[in-house]
Amino acid sequence: MSPIKYHAVREKLGALDCVSIRPEGNAPSVAVGVLCHGFGAGGDDLVGLAAEILQVAAPERPVTLICPAAPLSLDAQGMPGSRAWWLLSIQRLISAMENGRYEQVREEVPEGIAEARNQLVNTIQLALQANGLNESQLLLGGFSQGAMLAVETALLGLAQPPQQLCLYSGALICELRWKPVAARLKATTIYQSHGRIDPILPLQTGMWLRDMLQDAGCAVKFTEFNGPHTIPTTAIEQTAHMLATLAAAP
């Protein structure tokens with residue numbers, strides 16, 4: 001069987017502008033992956049991961065990868081071309097960690113997170129419907145703020161939890177409303193990665209998230225790496241193998 005050829009298209013799915021990487025000819029896919037970028041990145045920041053992921057995950061069975069752009073522009077904040085799922089102050093977060101105000105980080109419910117969640121849910125629903133799929137054929141992932149949004153969406157947004165969840169350099173927020181429903185992800189395959197020298201979201205913030213999920217009975221594969229606030233090669237490879245498993249499922 002010849003390898004499937006893919007092409008990228010810019011399209012609007014619901015309220016969000018997206019780059020969708022899908023099979024040429026637009027044949028229906030057997031799985032969908034949705035990857036959400038972090039605060040301050042461009043809307044197509046994670047598109048570059050697609051070729052590497054698809055080479056491993058879907059050489060013969062068609063899948064679709066979608067990279068939505070966050071709804072908020074940061075042009076007015078002096079960050080031209082940058083976007084955010086909700087507004088935040090990185091310096092305030094760093095200060096809270098340095099001064100031991102951990103509850104401020106763990107329990108914060110950011111203004112705008114519910115609106116971002118609802119927009120992402122609509123985008124995901126449209127992508128799944130277009131391929132005749134449901135959440136059992138969905139990999140949902142994100143980096144940094146995008147990882148937090150992925151957790152929020154998996155726990156409180158989607159009609160059913162995603163089959164797979166990939167969280168790169170995420171953190172525990174919204175603890176008082178996430179913790180009571182965390183067991184919803186017991187059947188979800190969850191992967192986390194976090195750098196040991198992350199200056200933005202320290203490793204401990206990712207471990208808090210992991211511990212909350214594990215305490216709820218979820219299985220989490222957690223990768224620590226010697227690096228900063230980034231997505232390591234090992235995480236990209238793990239995502240590709242997870243998506244390959246999803247694509248191969250009957």
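Analysis parameters
- Residues numbered from 1 in each chain as written.
- Predicted model: local features only at pLDDT ≥ 70, side-chain atom pairs only at ≥ 80, totals over all residues.
- Heavy atoms only, no water.
- Salt bridge = Lys/Arg side-chain N within 4 Å of Asp/Glu carboxyl O.
- Helix = DSSP H or I, 4+ residues; strand = E, 2+ residues; numbered from the N terminus.
- Buried < 20%, exposed > 50% of the residue type's maximum accessible area, 1.4 Å probe, protein only.
- Core = buried A, V, L, I, M, F, W, Y, C linked by side-chain atoms within 4.5 Å.
- Contact = heavy atoms within 4.5 Å.
- Expected span 1.5 Å × (residues − 1).
- Axes fitted to C-alpha atoms, helices over the stretch in contact; angles between N-to-C directions.
- Parallel < 35°, antiparallel > 145°, perpendicular 65-115°, else oblique.
- Left-handed = near helix turned anticlockwise from the far one by under 90°.
- Nonpolar A, V, L, I, M, F, W, Y, C, P; charged D, E, K, R; others polar.
- Pairing = 2+ DSSP bridges.
- Right-handed = clockwise from strand over helix to strand, strands pointing away.
- Polar contact = N/O pair within 3.5 Å; in protein donor to acceptor, adjacent residues only side chain to side chain.
- Phe/Tyr/Trp six-rings, centres within 6.5 Å; stacked < 30°, edge-to-face > 60°.
- Lys NZ or Arg CZ within 6 Å of the ring centre and 35° of its normal.

**Focus: the pattern of salt bridges**
For side chains of opposite charge, pairing can occur when their charged atoms come near one another.
And then number 1: One pass over the full model with this rule turns up eight salt bridges.
And then number 2: When the shortest N-O distance is used, the salt bridge between Arg106 and Glu175 registers 2.6 Å. Highlighted residues: Arg106 in helix H3 (residues 102-106) and Glu175 in helix H6 (residues 175-178), separated in sequence by 69 residues.
And then number 3: With a relative accessible area of 11%, Glu175 lands in the buried category.
And then number 4: The partner of Arg196 in a salt bridge is Glu224, and the shortest N-O contact between them spans 3.0 Å. On the criterion of sequence distance, the pair formed by Arg196 in the loop between strand S9 (189-195) and helix H7 (203-215) and Glu224 in strand S10 (residues 220-225) is long-range, its members being 28 residues apart.
And then number 5: Ionic contacts of the salt-bridge type, sharing partners, join the residues Arg117, Glu152 and Arg177 into one network.

**A look at the nonpolar core**
Within soluble globular proteins, side chains that are nonpolar generally end up buried alongside one another.
And then number 1: In terms of nonpolar packing, the biggest core is built from 49 residues, with Val34, Trp178 and Leu213 touching the most fellow members.
And then number 2: If you list the elements that add at least two residues to this core, you get strand S2 (16-23), strand S3 (31-36), helix H2 (90-98), helix H4 (113-130), strand S7 (138-143), helix H5 (145-156), strand S8 (164-168) and H7.
And then number 3: When sequence neighbours within four positions are dropped, the list of residues in contact with Trp178 reads Met148, Val151, Glu152, Leu155, Leu156, Ala171, Leu172, Ile173, Leu209 and Met212.
And then number 4: Counting 27 residues, the second largest nonpolar core, distinct from the first, contains Val19, Leu35, Ala50 and Ile231.

**Comments concerning helix H8 (residues 233-248)**
Side chains of residues three or four places apart in an α-helix project in the same direction, reflecting 3.6 residues per turn.
And then number 1: An ideal rise of 1.5 Å per residue puts 22 Å on 16 residues; H8 measures up with 23 Å between its terminal C-alpha atoms.
And then number 2: Along H8, the positions that sit buried rather than exposed are Ala235, Ile236, Gln238, Thr239, Ala240, Met242, Leu243, Leu246 and Ala247.

**Examining the packing of helix H1 (residues 50-57) against H8**
And then number 1: Remark: H1 packs on H8, axes separated minimally by 8 Å, with the N-to-C direction vectors making an angle of 45 degrees. The pairing of H1 with H8 is recorded here as oblique in orientation. For the pair H1 and H8, the sense of crossing is right-handed. Along its contact with H1, which presents Glu52, Ile53, Val56 and Ala57, the element H8 presents Thr233, Ile236, Thr239, Ala240, His241, Leu243, Ala244 and Ala247.
And then number 2: Tallied by class, the residues present in the contact of H1 with H8 amount to eight nonpolar, three polar and one charged.

**A closer look at the pairing of S9**
And then number 1: Summarising burial for S9: six of the seven residues are buried, a large majority.
And then number 2: Relative to S9, S8 runs parallel, the two being bridged by five bridges. Among the inter-strand pairings, Cys166 is bridged to a residue of S9, identified as Tyr191.
And then number 3: Summarising the sheet, S9 and S10 pair through six bridges and their orientation is parallel. Paired with Ser193 across the bridge in S10 is Thr223.
And then number 4: Taken together, S9, H7 and S10 constitute a β-α-β crossover, and its handedness is right-handed.

**Some thoughts on the sheet that holds strand S4 (residues 63-68)**
And then number 1: Strand order in this open sheet of eight strands is S1-S2-S4-S3-S7-S8-S9-S10, and the pairing throughout is mixed. A single partner strand is all that each edge strand has here, and the edge strands are strand S1 (6-13) and S10. Neighbour to neighbour, the strand axes of the sheet diverge by 15 degrees on average, direction disregarded.
And then number 2: Looking at chain direction, S7 and S8 are connected through five bridges and run parallel. Looking at the pairing, Phe143 lines up with Tyr168 of S8.
And then number 3: Where H1 meets the sheet, its contacts fall on S1, S2, S3 and S4, and the angle it forms with S4 comes to roughly 160 degrees.

**Description of the environment of Arg106**
And then number 1: Among the residues examined, Arg106 registers a relative accessible area of 21% and is labelled partly exposed.
And then number 2: For the pair formed by Arg106 and Trp178, sequence separation is 72 residues and the distance between their alpha carbons is 10 Å.
And then number 3: Sequence-distant contacts of Arg106, that is, excluding residues within four places in its chain, are made with Leu172, Ile173, Cys174, Glu175 and Trp208.
And then number 4: There is a polar contact of 2.6 Å between the side chain of Arg106 and the side chain of Glu175.

**Remarks on the packing of aromatic side chains**
And then number 1: Counted by the stated rule, this structure contains zero aromatic pairs.
And then number 2: The ring of Trp208 carries Arg106 above its face, with NZ or CZ at 4.9 Å from the centroid.
And then number 3: Its guanidinium or amino end placed over the ring of Phe222, Arg210 lies 4.8 Å from that ring's centre, counting from NZ or CZ.

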